[in-house]
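# Observations on the model geometry
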Amino acid sequence: QAQLVESGGGLVEPGGSLSLSCAASGFNFSSSVMSWYRQAPGSERELVATIGTSGSFIKYVDSVKGRFTISRDNGQKKVSLQMNSLQYSDTAVYYCKAHRGLGAVHWPPIYWGQGTQVTVSS
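These notes cover the structure that comes with them. (Residues numbered from 1 in each chain as written. Predicted model: local features only at pLDDT ≥ 70, side-chain atom pairs only at ≥ 80, totals over all residues. Heavy atoms only, no water.)

Within the chain one finds zero helices and 11 strands. Counting from the amino terminus, the chain carries its helices and strands in the arrangement β-β-β-β-β-β-β-β-β-β-β. The C-alpha radius of gyration computed for the chain amounts to 13 Å, which stays within 12% of the reference 14 Å derived for 122 residues, consistent with globular compactness. For the C-alpha atoms alone, the extent of the chain along its principal axes is close to 40 × 30 × 25 Å. For the chain, the residues scored as buried account for 39% of the 122 residues in total. The long-range fraction of contacts in the chain, counting pairs at least 24 apart against all pairs at least 6 apart in sequence, stands at 55%. Approximately 6100 Å² of the chain is accessible, and the part contributed by carbon and sulfur atoms is 49%. (Helix = DSSP H or I, 4+ residues; strand = E, 2+ residues; numbered from the N terminus. Rg over C-alpha atoms; globule rule 2.2 N^0.38 Å. Buried < 20%, exposed > 50% of the residue type's maximum accessible area, 1.4 Å probe, protein only. Contact = heavy atoms within 4.5 Å. Areas by Shrake-Rupley, 256 points an atom, 1.4 Å probe, with all protein chains shown as cover.)

This is how it looks when you write it as structure tokens:
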């Protein structure tokens, strides 16, 4: 069965860095567009970054441009999110998602990970 498992979250001070990883299994990873989302308490889930199947298409939400980097390794079936210059507002649970479609509408098959907590605090 399809599975996405995130790791790498934790507590970090403002200005610090974290690297999130999402390991995929049970589905055709190389044919899936991969995205990272985040959800802060009391807020809706927000799309943070998307990477196309080959890695040539990448898109970020404006608030993380220049600070976050999404990447993927199809051989390892893994997608990563390098987060630098972290801010208090980056505090959230971060989820990875596998889907089809690069635009605003995502097509099935769609899979979600369970999420990993990122807390930015001094």
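Moving on from the model shown.
Consecutive residues of a regular strand have side chains that alternate between opposite faces of the sheet. Side chains of strand 1 (residues 3-7) alternate between two faces, with L4 and E6 buried and Q3, V5 and S7 left unburied. The pairing of strand 1 with strand 3 (residues 18-25) spans five bridges and is classified as antiparallel. Directly across from E6, in strand 3, lies its bridge partner C22. (Pairing = 2+ DSSP bridges.)

Here is the idea: a disulfide is a covalent bond, and it sits between the sulfur atoms of two cysteines. If you walk through the whole model with that rule in mind, you get one disulfide. A disulfide bridge connects C22 with C96, and the sulfur atoms are separated by 1.9 Å. Its S-S torsion of about 50° marks the bond between C22 and C96 as right-handed, since a negative value means left-handed. Taken as a pair, C22 in strand 3 and C96 in strand 9 (residues 92-100) lie far apart in primary sequence, 74 residues in all. When its relative accessible area of 0% is taken as the criterion, C22 is described as buried. Overall, C96 belongs to the buried group, its relative accessible area being 0%. (Disulfide = S-S within 2.5 Å.)

Moving on, we get to the nonpolar core. If you look at the biggest cluster of nonpolar residues, it comprises 27 residues, and the most contacted ones within it are W36, V79, L81, M83 and Y94. Those elements that place two or more of their residues in this core are strand 3, strand 4 (33-39), strand 5 (46-51), strand 7 (68-73), strand 8 (78-83), strand 9 and strand 11 (116-120). For M83, the contacting residues outside a window of four places in its chain are G16, S17, L18, L20, R67, F68, Y94 and V118. (Core = buried A, V, L, I, M, F, W, Y, C linked by side-chain atoms within 4.5 Å.)

Another aspect to go through is the pairing of strand 9. Taken across its nine residues, strand 9 has seven buried, putting it largely inside the fold. Sheet topology note: the strand 4/strand 9 ladder contains seven bridges and is antiparallel. When the sheet's bridge partners are listed, W36 is paired in strand 9 with C96. Inspection of the sheet shows strand 9 paired to strand 11 by three bridges, in the antiparallel sense. Directly across from Y94, in strand 11, lies its bridge partner T116. Relative to strand 10 (residues 107-112), strand 9 is paired through three bridges, and the arrangement is antiparallel. By the bridge assignment, K97 is partnered in strand 10 with W112. Here strand 9 folds back onto strand 10 in antiparallel fashion, the turn holding six residues, of which G101 has a positive phi close to 95°.

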